[in-house]
Amino acid sequence: MESSSLLSQFSFRRSPEIRLNGRNHGRAASGFVKVPQKPWHRRYVGTQPCLATARGGFSQGLPGVGDGDGVIIVDHGSRRKESNLMLSEFVTMFKEKTKYPIVEPAHMELAEPSIKNAFSSCVQKGARRIVVSPFFLFPGRHWNQDIPSLTAEAAKEHPGVSYVVTAPLGLHELLVDILNDRIKYCLSHVAGYADECSVCAGTGKCHLYE
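Attention in this report is confined to the structure presented alongside it. Values in this document were obtained by computation on a predicted structure and should not be read as measured data.

## Some details on the overall build of the chain
Argument step 1. From N to C terminus, the chain includes 4 helices and 8 strands.
Argument step 2. Counting from the amino terminus, the chain carries its helices and strands in the arrangement β-β-β-β-β-α-β-α-β-α-β-α.
Argument step 3. Expressed as a percentage of its 210 residues, the buried residues of the chain come to 32%.
Argument step 4. Across the chain, every contact between residues at least 6 apart in sequence was considered, and the portion connecting residues at least 24 apart equals 58%.
Argument step 5. Entry remark: accessible area of the chain is about 13,900 Å², with carbon and sulfur atoms responsible for 55%.

## Regarding the side chain of Glu104
Argument step 1. Among the secondary structure elements, Glu104 is positioned in strand 6 (residues 103-107).
Argument step 2. There is a polar contact of 3.3 Å between the side chain of Glu104 and the side chain of Ser121.
Argument step 3. Apart from the residues within four sequence positions on either side, Glu104 is in contact with Val71, Ile72, Ile73, Val91, Ala118, Ser121, Cys122 and Lys125.

## Structural notes on the sheet that holds strand 8 (residues 162-165)
Argument step 1. Spatially, the 4 strands line up as an open sheet ordered 6-5-7-8, and their pairing is parallel. Each edge of the open sheet is held by one strand with a lone partner, namely strand 6 and strand 8. Taken pair by pair, the neighbouring strands of this sheet meet at an average axis angle of 25°, ignoring direction.
Argument step 2. In this sheet, strand 6 lies alongside strand 5 (residues 69-75) in parallel orientation, the contact comprising 5 bridges. What sits directly across from Ile73, in strand 6, is Pro105.

## What to know about a nonpolar patch on the surface
Argument step 1. Nonpolar side chains collect at one region of the surface, where Phe135, Leu137 and Leu169 lie side by side and expose about 210 Å² of accessible area between them.
Argument step 2. Turning to its location among the elements, Phe135 is positioned in the loop between strand 7 (129-134) and helix 3 (141-155).
Argument step 3. What makes Phe135 partly exposed here is its relative accessible area of 34%.

## Considerations on the packing of helix 2 (residues 115-124) against helix 3
Argument step 1. Between helix 2 and helix 3, the least distance of the axes is 9 Å, while the angle of their chain directions is 45°. When the axes of helix 2 and helix 3 are compared, the pair comes out oblique. Crossing angle aside, the handedness with which helix 2 passes helix 3 is right-handed. In this structure, helix 2 contributes Ile115, Lys116 and Phe119 to the contact, and helix 3 contributes Ile147, Leu150, Thr151, Ala154 and Ala155.
Argument step 2. Of the residues belonging to the contact of helix 2 with helix 3, the class tally is 6 nonpolar, 1 polar and 1 charged.

## A look at the packing of aromatic side chains
Argument step 1. Under the definition given, this model contains 4 aromatic pairs.
Argument step 2. Arranged with centres 4.5 Å apart and planes meeting at 20°, the rings of Phe90 and Phe135 form a pair that is stacked. Remark: Phe135 occurs in the loop between strand 7 and helix 3 and Phe90 occurs in helix 1 (residues 81-98); sequence separation between them is 45 residues.
Argument step 3. An aromatic cluster of three or more residues is present, and its members are Phe90, Phe94, Tyr100 and Phe135.

## Looking at the pattern of salt bridges
Close approach of charged atoms allows side chains with opposite charge to pair.
Argument step 1. On inspection of all chains with the given rule, the structure shows 6 salt bridges.
Argument step 2. Between Asp69 and Arg129 there is a salt bridge; the shortest N-O distance is 2.7 Å. Remark: Arg129 occurs in strand 7 and Asp69 occurs in strand 5; sequence separation between them is 60 residues.
Argument step 3. Looking at Asp69, the relative accessible area reads 6%, which means it is buried.
Argument step 4. Ionic pairing is found between Arg141 and Asp146, a salt bridge with its closest N-O pair at 2.8 Å.

What counts, and at which threshold
Residues numbered from 1 in each chain as written. Predicted model: local features only at pLDDT ≥ 70, side-chain atom pairs only at ≥ 80, totals over all residues. Heavy atoms only, no water. Helix = DSSP H or I, 4+ residues; strand = E, 2+ residues; numbered from the N terminus. Buried < 20%, exposed > 50% of the residue type's maximum accessible area, 1.4 Å probe, protein only. Contact = heavy atoms within 4.5 Å. Areas by Shrake-Rupley, 256 points an atom, 1.4 Å probe, with all protein chains shown as cover. Polar contact = N/O pair within 3.5 Å; in protein donor to acceptor, adjacent residues only side chain to side chain. Pairing = 2+ DSSP bridges. Axes fitted to C-alpha atoms, helices over the stretch in contact; angles between N-to-C directions. Patch = residues over 30% accessible without salt bridge, like charges linked within 9 Å, V, L, I, M, F, W, Y side chains within 5 Å. Salt bridge = Lys/Arg side-chain N within 4 Å of Asp/Glu carboxyl O. Parallel < 35°, antiparallel > 145°, perpendicular 65-115°, else oblique. Left-handed = near helix turned anticlockwise from the far one by under 90°. Nonpolar A, V, L, I, M, F, W, Y, C, P; charged D, E, K, R; others polar. Phe/Tyr/Trp six-rings, centres within 6.5 Å; stacked < 30°, edge-to-face > 60°.

Structure (structure tokens):
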């Protein structure tokens, strides 16, 4: 997977303590997970990297998404209409759960809406700061180069509007639960105890190959 190819180039360290308005809010990331790569090589990754809550920040009292912000959730984009529709469905789920007023989907390439169009849509709805969140697992060329470049190009048409490109999903304990749920459900389907999930429905791909 291309997006994982640069992971070994990233070093992680414990986040410094955050101070806001003279108050100590603790560390941005708490707890570490040992990620074994080679017997002589270990890296430590925070279990809560760059994640925010709907109540405004990754720690209570820290700033988060506000009324003047627009969020763009961007994936790679696909020639398959079904894949692109899934991002739109996820954005709807995300908006309903977080209650953020301005949330737009975007595809890096191959499909619309583009990052440029999503950026413009956020501004038209009143956003003065754009938060671009890559819907990718690991850091790679798309996160390091392509998405920042496309976002910078989009921002040129909207002077006075700031933006930030957040980190990808990365390593997080909740992803373990999500992957495990997917494995269990697919095995239940293969065993005849569950219907096809919404991803596999109609494809006939989720079966045991012998």
